[in-house]
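The chain contents come next:
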Amino acid sequence: MSDTLDPTEQTWQRPPATAANRRRDALGAAVLFACMMPSAVLYRLAGAMGQQGEMWFTVVWAAVMCGALVFRRRWPSVTALVIAAAYIAGMELGASELLFSQIVLFISMYTVGAWVSDRRIVRFTLGAIIGAMLIWLAIAMVTSVTDPNIRGDYNGFGTQTAMLAYFGIQVITNLLYFGGAAYFGTHAFNSARQRAQLEYRTMQLEQERERSASQAVALERVRIARELHDVVAHHVSVMGVQAGAARTVMGTNPDAARSSLANIEQNARTAIDELHHLVGTLRQGDDEAASDSVSTISASHLSDLVRESSEAGLPTHFEVHGSARPLAGTVSLTLFRIAQEALTNVRKYAGREATADIRLRYLDFAVELEIANTGLVPVKPRPGGLGHLGMRERVAAVGGDIEIGPRSRGGYLVRARIPITEAVLPTGATA
């Protein structure tokens, strides 16, 4: 947008005239000059101007007024003052044209109101022109009434009352003329400002839409990264434990080694299936993807996760407290992913002798998931880890809160509490 200032501010500056505007001004000035010449001839033939000067003076006078009009949008106030002064001087010195010269004067005054951004300059310029015109008109009236040579021209009115009425009409006509120029110029300026405001707000909305789109992309990237982290970290950690166990017992207990390798194969297949599903959701619409992602993995799979963890060498116990009820898809997925990440961290950091307990509690207005483990607790946070951050983001996204940290009696605790505002029915169920 060409405006450098906010059009909603009082200091808004109207953009300068373009080259096309200036070309149109020059063309308009030429057309008006061409119209003034035959009009001047007709006025001279009709003898309607009283005392008339030489024709060459009228031509020069018309050229000055129309030539100044070429610069009306570049220097509006100066142009209007020059044209007003030329108009008064021409009328006093016998220029024989009255119609198109008044149009030129009207356009110059209109331009001041339409193109000058500083409204104080507008008021000063128009006030000076209107004041000078009214003073000139008043002097002309007084001269007409007091000069016996001119007063005889008004005997046809019959009475002084009729003459005063005629002068009153002239005053009203001039006030309407000047007032119209000021009004329409101001209206044009306000219209230009309103268009600039509309363009400015449209630009702001476009920028806001772009920011929202960028934020949506960033959030989606975070979600994808979080899902990939949970899937890969969990299954790879399980496969690492199973591979270590198979390597240890390969020579002494081939059956146990084969069982560990079978578990590795199963975890690899599961990881690949989840990755395929995650990539598939990216190719679908947002609603369909969200629906699929929350219906594939849920809190109902926690028992499978516990079994898988126990088979991977981390003894895990699972309990459900309270009356189980359907949960929103996003809440259910969040609970599963938190448990998955917490068990992954136990396998990574708690040591071989660690055990884990998972408790899922259904409260009146919330659901609570607790994962507690025995074993070692890192003295310092591990560098580069994103598991805790991912869990906090997941819980915050569904309006819950989470507690993560060492337990006073040893081990580590992850407790997530997510509010439930109303019962959620499964798909296809009726209340």
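Structural data are supplied above this passage.
Structural notes, computed from the coordinates. Model, not experiment: these values are computed from the prediction.

Rules behind the numbers
Residues numbered from 1 in each chain as written. Predicted model: local features only at pLDDT ≥ 70, side-chain atom pairs only at ≥ 80, totals over all residues. Heavy atoms only, no water. Helix = DSSP H or I, 4+ residues; strand = E, 2+ residues; numbered from the N terminus. Buried < 20%, exposed > 50% of the residue type's maximum accessible area, 1.4 Å probe, protein only. Contact = heavy atoms within 4.5 Å. Areas by Shrake-Rupley, 256 points an atom, 1.4 Å probe, with all protein chains shown as cover. Pairing = 2+ DSSP bridges. Axes fitted to C-alpha atoms, helices over the stretch in contact; angles between N-to-C directions. Parallel < 35°, antiparallel > 145°, perpendicular 65-115°, else oblique. Left-handed = near helix turned anticlockwise from the far one by under 90°. Nonpolar A, V, L, I, M, F, W, Y, C, P; charged D, E, K, R; others polar. Phe/Tyr/Trp six-rings, centres within 6.5 Å; stacked < 30°, edge-to-face > 60°. Lys NZ or Arg CZ within 6 Å of the ring centre and 35° of its normal. Polar contact = N/O pair within 3.5 Å; in protein donor to acceptor, adjacent residues only side chain to side chain. Expected span 1.5 Å × (residues − 1). Patch = residues over 30% accessible without salt bridge, like charges linked within 9 Å, V, L, I, M, F, W, Y side chains within 5 Å. Salt bridge = Lys/Arg side-chain N within 4 Å of Asp/Glu carboxyl O.

What to know about the overall build of the protein chain
Okay, step 1: Of the regular secondary structure elements, the protein chain holds twelve helices and five strands.
Okay, step 2: The buried share of the protein chain, reckoned over its 431 residues, is 37%.
Okay, step 3: Contacts in the protein chain between residues at least 24 apart in sequence constitute 71% of all its contacts with a sequence separation of at least 6.
Okay, step 4: Split by element, the accessible area of the protein chain, about 24500 Å² in all, is 60% carbon and sulfur.

Quick notes on the environment of I338
Okay, step 1: The topology assignment puts I338 in helix α11 (residues 329-349).
Okay, step 2: The exposure class of I338 is buried, given its relative accessible area of 1%.
Okay, step 3: Taking C-alpha positions, I338 is 9.5 Å from E370, a pair spaced 32 residues apart along the chain.
Okay, step 4: Setting aside anything within four residues of it in sequence, one finds I338 in contact with L369, I371, M391, V395, I402, V414 and A416.

Some points on the sheet that holds strand β2 (residues 356-362)
Okay, step 1: Spatially, five strands are ordered β1-β2-β3-β5-β4 in an open sheet, and the strand pairing comes out mixed. Two strands in the sheet have a free side with no partner beyond their single neighbour: β1 (316-321) and β4 (401-406). Across the sheet, the mean angle separating the axes of adjacent strands is 10° when strand polarity is ignored.
Okay, step 2: One ladder, built from seven bridges, connects β2 with strand β3 (residues 366-373); its direction is antiparallel. By the bridge assignment, L360 is partnered in β3 with L369.
Okay, step 3: Against the sheet, helix α10 (residues 302-311) engages β1, β2 and β3, with an angle of about 160° to β1.

Looking at the packing of helix α2 (residues 55-69) against helix α3 (residues 76-93)
Okay, step 1: Orientation of α2 relative to α3, taken along the N-to-C sense of each, is 165°, at an axis distance of 9 Å. Between α2 and α3, the crossing angle belongs to the class labelled roughly antiparallel. The hand of the α2/α3 crossing is left-handed. From α2, F57, W61, V64, M65, A68 and L69 reach across to α3, where they touch T79, V82, I83, A86, Y87, G90, M91 and L93.
Okay, step 2: Residues belonging to the contact of α2 with α3 are distributed by class as follows: twelve nonpolar, two polar and no charged.

A few points about the packing of aromatic side chains
Okay, step 1: Enumeration according to the criterion identifies six aromatic pairs in this entry.
Okay, step 2: When the ring of W56 is compared with that of F57, the centres are 6.3 Å apart and the planes differ by 90°; the resulting orientation is edge-to-face.
Okay, step 3: Its relative accessible area of 58% is what places W56 among the exposed residues.
Okay, step 4: Aromatic side chains Y177 and F178 sit 5.2 Å apart centroid to centroid with 75° between the ring planes, which places their arrangement in the edge-to-face category.
Okay, step 5: Given the relative accessible area of 2%, F178 is considered buried.
Okay, step 6: Over the ring of W75 we find R74, and its NZ or CZ is 5.6 Å from the ring centre.
Okay, step 7: Across from the ring centre of F189, 4.1 Å away, lies the NZ or CZ of R119, which sits over that ring.

Quick word on the side chain of E370
Okay, step 1: Mapped onto the secondary structure, E370 falls in strand β3.
Okay, step 2: A relative accessible area of 8% places E370 in the buried class.
Okay, step 3: A polar side-chain atom of E370 sits 2.9 Å from a polar atom in the side chain of R415.
Okay, step 4: Setting aside chain neighbours within four positions, we find E370 in contact with D357, I358, R359, R361, L413, V414 and R415.

Looking at helix α4 (residues 100-115)
Okay, step 1: With 16 residues, α4 extends 22 Å from end C-alpha to end C-alpha; this agrees with the ideal 22 Å at 1.5 Å per step.
Okay, step 2: Turning to α4, its buried residues number three or more, namely F100, S101, V104, L105, S108, M109, T111, V112, G113, A114 and W115.

So, the environment of E97
Okay, step 1: By secondary structure assignment, the location of E97 is in the loop between α3 and α4.
Okay, step 2: The spacing of E97 and T58 is 39 residues in sequence and 7.5 Å in space, taken between C-alpha atoms.
Okay, step 3: Engagement of the side chain of E97 in a polar contact is seen with the backbone nitrogen of S101, the distance being 2.9 Å.

A look at a nonpolar patch on the surface
Okay, step 1: Taken together, the side chains of W56, V60, V64, F71, W75, V78 and V82 present a nonpolar region at the surface, about 690 Å² in accessible area.
Okay, step 2: Every element with two or more residues in the nonpolar patch is listed here: α2 and α3.
Okay, step 3: Along the chain, V60 falls in helix α2.

Quick look at the packing of α3 against α4
Okay, step 1: Their axes nearest at 9 Å, the elements α3 and α4 cross at an angle of 155°. Relative to α4, the element α3 lies roughly antiparallel. Read as a crossing pair, α3 and α4 show a hand that is left-handed. Packed against α3, whose contacting residues are P76, S77, A80, I83, A84 and Y87, the element α4 presents S101, Q102, V104, L105, S108, T111, V112 and W115 at the interface.

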